[in-house]
Amino acid sequence: METDAYIALGSNLGDRELNLLRAVAELGKCPSCRVTGLSRFYETSPVAMPPDTPAFYNAVVRVATSLKPHELLKELHRIEREIFDRVPTTEPQSRRMDLDLLLYGTHELCTPDLTIPHPRMLQRRFVLAPLADIAACLQPPGSSATIAEYLALLVSNEQVHLLE
């Protein structure tokens, strides 16, 4: 049985647009995953990073998957590490690719290495804007508001611009 999962993509090093496209292709290659939706691409200001940090390109992908949440997370980490040479760290840093599992069907999960829904997604315009492109009417588990409603109500100083 397949579940819809939503994954945020972010890149601020190298060819950012190509990095996003490559990440989408790699997600499509994952076993038991099919890409079923892709947002538009956005250029966004860095959040909680030094002022001279390069801007990010961000997007959100929807995949239909039969992988369990932790199996999918393992695949996301593999892509970051093997394809984009990402070294795991707990500190915010510039990177060619960051993949975050935002939602996994209607599941709610809180373990030491994975929290679903993503704990900060509703406070981040760089996540909500692309997520609204492909899931505006979606209500996160445990919520009565839609993604579009959260986006409309968000107060943030983030700069988020649709790429032309």
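I will try to describe carefully the structure that is included in this document. What you are looking at is a predicted structure, and each value in this text was computed from that prediction instead of being measured. The numbering scheme is per chain: residues are counted from 1 as the chain's sequence reads. Only residues with pLDDT of at least 70 get local features here, since the model is predicted, and only at 80 or more are side-chain atom pairs given and counted; chain-wide, interface and lining totals rely on the full set of residues. The basis for every side-chain value is the complete set of heavy atoms in the structure, and neither hydrogens nor water enter the calculation.

### Overview of the pairing of strand β5 (residues 98-104)
So, point 1. Here β5 lies mainly inside the structure; six of its seven residues are buried.
So, point 2. Pairing between strands is defined by DSSP: at least two bridges between them are needed. Numbering of helices and strands starts at the N terminus; helices are DSSP runs of H or I of at least 4 residues and strands are runs of E of at least 2. Bridging between strand β1 (residues 3-11) and β5 involves six bridges; their strand directions are antiparallel. Bridging across to β5, Ile7 finds its partner in Leu101. Burial classes follow relative accessibility: with a 1.4 Å probe on protein chains only, a residue under 20% of its type's maximum area counts as buried, one over 50% as exposed, and anything between as partly exposed.

### Thoughts on the packing of helix α1 (residues 16-29) against helix α2 (residues 69-83)
So, point 1. In the contact formed by α1 and α2, the axes pass within 11 Å of each other and the chain directions differ by 130 degrees. What the angle tells us is that α1 and α2 run oblique. The crossing of α1 and α2 is right-handed. Listed contacts from α2 to Arg22, Glu26 and Leu27 of α1 are Leu76, Ile79 and Ile83.
So, point 2. Here the residues of the contact of α1 with α2 are counted per class, giving four nonpolar, no polar and two charged. Here the axes come from fitting lines to C-alpha atoms, over the contacting stretch only for helices, and the angles between their N-to-C directions go from 0 to 180 degrees. Working rule for angles: under 35 degrees goes down as roughly parallel, over 145 as roughly antiparallel, 65 to 115 as roughly perpendicular, anything else as oblique. Crossing chirality is assigned from the near helix's rotation relative to the far helix, an anticlockwise turn below a right angle marking it left-handed and a clockwise turn marking it right-handed. Contacts between residues were defined by any pair of non-hydrogen atoms, one from each residue, lying within 4.5 Å. Here the nonpolar group is Ala, Val, Leu, Ile, Met, Phe, Trp, Tyr, Cys and Pro; Asp, Glu, Lys and Arg are the charged ones; every other residue, Gly included, is treated as polar.

### Topic: the side chain of Glu75
So, point 1. Among the structural elements, Glu75 can be located in helix α2.
So, point 2. According to the relative accessible area criterion, Glu75 is buried, its value standing at 16%.
So, point 3. A polar contact is formed between the side chain of Glu75 and the side chain of Arg78, at a distance of 3.1 Å.
So, point 4. Apart from residues no more than four positions distant in its own chain, Glu75 is found in contact with Cys30, Pro31 and Leu67. For the purposes of these results, a polar contact is taken to be a pair of N or O atoms within 3.5 Å, where, inside protein, one atom must be able to donate a hydrogen and its partner to accept one; residues adjacent in sequence count only when each atom of the pair is a side-chain atom.

### Quick word on the side chain of Arg125
So, point 1. Tracing the chain through its elements places Arg125 in helix α3 (residues 125-135).
So, point 2. As a buried residue without a salt bridge, Arg125 has its nearest oppositely charged side chain in Glu158, at a separation of 5.3 Å. We score Asp and Glu as negative and Lys and Arg as positive, and we do not count His or the chain ends. Within this document, salt bridges are pairs made up of a side-chain nitrogen of Lys or Arg and a carboxyl oxygen of Asp or Glu, the two lying within 4 Å of each other.

### Concerning the pattern of salt bridges
So, point 1. If you walk through the whole model with that rule in mind, you get 12 salt bridges.
So, point 2. Close ionic contact of Glu75 with Arg78 constitutes a salt bridge, the shortest N to O distance being 3.1 Å. With Glu75 and Arg78 both in helix α2, this residue pair falls three residues apart, about one helical turn.
So, point 3. For Arg86, the salt bridge is made with Glu80, and the minimal N-O distance between the two is 3.2 Å. Each of the two residues, Arg86 as well as Glu80, counts as buried.
So, point 4. The network of salt bridges with shared partners includes Glu75, Arg78, Arg81 and Glu82.

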